[in-house]
Amino acid sequence: MTRTDPHDVPRPDARLHFGVFFQGVNHWTVWSHPESGSQIDPASFRRVAQTAERGLFDAFFLGDGLRLRETGGRIHELDVAGRPDSLAQLSALAAVTHRIGLVSTSNTTFNEPGDLARRLASLDLLSDGRAGWNVVTTDNAWTGANFRRGGFLDHADRYRRAEEFLTVARAIWDGWADGAVADSADARAWSVPGSVGRVRAAGAQFDVDLVPTLPRSRQGHPVIFQAGDSPEGRDFAARNADVIFSAHGQDFDDALAFAEDVRRRLRAAGRPQDALRILPGTEIVIGATEKEAEEKARWVRLEQVTPATALAVAGRVWNMDLSGRDPDGPLPAEDPVVVEDTGAFGSSRIADPRTVAAEWRAKAEANGWSLRETVIALGPQRGHVGTPSGLADTFTRFARHGAVDGFNISPYLIPDGLDDIVDLLVPELQERGVYRTSYTGTTLREHLGLRPPA
Ligand SMILES: Cc1cc2nc3c(=O)[nH]c(=O)nc-3n(C[C@H](O)[C@H](O)[C@H](O)COP(=O)(O)O)c2cc1C
């Protein structure tokens, strides 16, 4: 790819923001690598966070998984990596980092605002204004089984609850300082003598009457991230979020279409164009030459799509338990089982399994691929591959054309998988003027260039 002429682009002054998405429960880590380490050892978290801070990243970011993923009652063999509570983990990291933002994915379906808002405010105070909250709705029934209420909410109600949840959380964060008044249909705060307010919120989802226990942090509120890709999810982000975490960061046209769609929704919500940062997730494989990078990426993919993973991914398409099949044999001869969408498997459900299976079969037959080789070639693809300078050109183009504001990078190797990115890619981006050369602020909000909350 040729270098972008910095003057011939819509956003010549664009800057990239990087977060590191430390996955925990997952099948994307290359476990077979001799240096693959623990995903629950505090030393792994510390190492990744400190490397990201050395690379001047905006944020260290954790997902939310309150239960190991299940298909038909079976837990994937690699998910036993486990996942400590993210707010506890980030609080520990606040003590061994200085500048980097600390973002917790915490769902609004199984939490309560009076409790979660306080825990997020605690992290924000402990880290002196570095906390972020990735607001997710959690879309699967097996997580619901952890709770008294079960799966309990359909898609539309999950977003209604999320909206009300955030309104109440903001009222709680505003409830202490200078007797602030949060005025909305769902939540109201009345100032009382002194500096502590009272939050009363009575809506369809919550009935809260509380006195906040904490003042605001240096950045006002935790920075709000959002992850959820449906029209409702994108509108929720357009109304409420500071950052949107998407899966649209690989193909340039797809990333730009997503960004333009989100900006349209942002305008419709009456918010300024610069109020939202778009940071898709990506994996990055770096090589000294394009050929070396491609070979490494093939190896990474082969190690990620283990025989058991291949059977699990194909099993989701066929909607069958394929765990007894031969991953090195052909795709199933049967047609996929098509069942009504009960919402139980959320976004991991394949919308049109017959079409996907037909495409997979045609390509597998044409190329002589086994089931596992088909999943490697056609299953979910994860990111960018190239030399440091080639990748820097690509990312510069994405940023200067407004397709992204940065990336949340998932290392495929823990704990050292960020080293190449920090040591080789970041300097190339700095040279192109699209990446900071030092932190200029102290809070996550300042790193992202966001205004203080109203
Ligand atoms: C990029 C991305 C990351 C997500 N991460 C999580 C997560 O860590 N934990 C979780 O419970 N849900 C996560 N979700 C699921 C969303 O919260 C949501 O429930 C799901 O995407 C269904 O909503 P949608 O139809 O709007 O996409 C994620 C979704 C996306 C798109």
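Since this is a predicted model, take the numbers as computed values, not measurements.

**Regarding the overall build of the protein chain**
- A tally of regular secondary structure across the protein chain gives 14 helices and 15 strands.
- Its C-alpha atoms give the protein chain a radius of gyration of 22 Å, within 12% of the compact-globule value 22 Å for 454 residues.
- With respect to the three principal axes, the spread of C-alpha positions in the protein chain is 75 × 50 × 45 Å.
- In the protein chain, once contacts between residues fewer than 6 apart in sequence are set aside, the share between residues at least 24 apart is 75%.
- Approximately 19600 Å² of the protein chain is accessible, and the part contributed by carbon and sulfur atoms is 51%.
- Measuring between centres, the 51 positive side-chain charges of the protein chain sit 4 Å from its 63 negative side-chain charges.

**Quick word on the packing of aromatic side chains**
- Under the counting rule described, the total for this entry stands at 20 aromatic pairs.
- Seen in terms of ring centroids, phenylalanine 18 and phenylalanine 395 are 6.5 Å apart; in terms of plane orientation they differ by 90°. Their pairing is edge-to-face. Of this pair, phenylalanine 18 sits in strand β1 (residues 17-22) while phenylalanine 395 sits in helix α12 (residues 388-400), placing them 377 residues apart in sequence.
- A residue is classified by how much of its surface remains accessible, and phenylalanine 395, at 0% relative accessible area, is buried.
- Between tryptophan 133 and phenylalanine 165 the ring centres are 5.7 Å apart and the planes differ by 55°, which places this aromatic pair in the tilted class. Residue tryptophan 133 is located in strand β6 (residues 131-136), and its partner phenylalanine 165 is located in helix α5 (residues 155-174); the two are separated by 32 residues in the primary sequence. The pair tryptophan 133 / phenylalanine 165 is uniform in exposure class, with both members buried.
- Members of the aromatic cluster, each reached through a chain of ring pairs, are Phe18, Phe57, Phe252, Phe395, Phe398, Phe407 and Tyr435.
- Over the face of the ring belonging to phenylalanine 152 we find arginine 149, whose NZ or CZ atom lies 4.7 Å from the ring centre.
- Arginine 397 extends its terminal NZ or CZ atom over the ring of phenylalanine 252, reaching a point 3.8 Å from the ring centre.

**Here we look at the sheet that holds β1**
- Reading across from one edge, β12-β11-β10-β6-β5-β2-β1-β15-β13-β14 is the order of the 10 strands in this open sheet, with parallel pairing throughout. Bordering the open sheet on either side are β12 (277-278) and β14 (383-386), each of which pairs with just one other strand.
- Pairing of β6 with strand β10 (residues 223-226) involves 4 bridges; the strand directions are parallel. If you follow asparagine 134 over to β10, its bridge partner there is phenylalanine 225.
- Sheet contacts for helix α3 (residues 113-126): β5 (101-107) and β6; angle to β6, the most-contacted strand, approximately 150°.

**Considerations on the packing of helix α6 (residues 231-240) against helix α7 (residues 252-268)**
- Contact geometry for α6 and α7: axes closest at 8 Å, N-to-C directions at 60°. Looking at the two axes, α6 sits oblique to α7. The two elements α6 and α7 cross, and the hand of that crossing is right-handed. Counting all contacts with α6, which are made through Pro231, Arg234, Asp235 and Ala238, the residues of α7 involved are Phe258, Asp261, Arg265 and Leu266.
- Looking at the contact of α6 with α7 residue by residue, the class counts come to 4 nonpolar, no polar and 4 charged.

**Quick look at the confidence of the model for the protein chain**
- Chain-level pLDDT for the protein chain is 90 on average; 92% of the residues reach the 70-or-more range.
- Complex prediction metrics read pTM 0.92 and ipTM 0.97.

**Section: the nonpolar core**
- Judged by nonpolar contacts, the single largest core of 76 residues is most densely connected at Leu16, Phe18, Phe57, Phe60, Trp133, Leu425 and Leu429.
- The greatest single-element share of this core, amounting to 9 residues, is contributed by α5.
- Leave out the neighbours within four places in its chain, and phenylalanine 18 touches Phe57, Asp58, Ala59, Phe395, Phe407, Ile409, Leu425, Val426, Leu429 and Tyr435.

**Section: unusual backbone geometry**
- Note the cis peptide between isoleucine 414 and proline 415, where omega equals 10°.
- The residue proline 415 is located in the loop between β15 (406-409) and α13 (419-431) in this model.
- Phi angles above zero are rare outside glycine, and threonine 138 is one such case at about 60°.
- As for its position among the elements, threonine 138 is in the loop between β6 and α4 (141-144).
- The residue asparagine 319 is not glycine, and still its phi comes out positive at about 55°.
- Position of asparagine 319 relative to the elements: it lies in the loop between α9 (307-318) and α10 (353-367).

Here is what the cut-offs are and how they apply
Residues numbered from 1 in each chain as written. Predicted model: local features only at pLDDT ≥ 70, side-chain atom pairs only at ≥ 80, totals over all residues. Heavy atoms only, no water. Helix = DSSP H or I, 4+ residues; strand = E, 2+ residues; numbered from the N terminus. Rg over C-alpha atoms; globule rule 2.2 N^0.38 Å. Contact = heavy atoms within 4.5 Å. Areas by Shrake-Rupley, 256 points an atom, 1.4 Å probe, with all protein chains shown as cover. Lys, Arg positive; Asp, Glu negative; His and termini not counted. Charge placed at Lys NZ, Arg CZ, Asp CG, Glu CD. Phe/Tyr/Trp six-rings, centres within 6.5 Å; stacked < 30°, edge-to-face > 60°. Buried < 20%, exposed > 50% of the residue type's maximum accessible area, 1.4 Å probe, protein only. Lys NZ or Arg CZ within 6 Å of the ring centre and 35° of its normal. Pairing = 2+ DSSP bridges. Axes fitted to C-alpha atoms, helices over the stretch in contact; angles between N-to-C directions. Parallel < 35°, antiparallel > 145°, perpendicular 65-115°, else oblique. Left-handed = near helix turned anticlockwise from the far one by under 90°. Nonpolar A, V, L, I, M, F, W, Y, C, P; charged D, E, K, R; others polar. pLDDT = per-residue confidence, 0-100. Core = buried A, V, L, I, M, F, W, Y, C linked by side-chain atoms within 4.5 Å.

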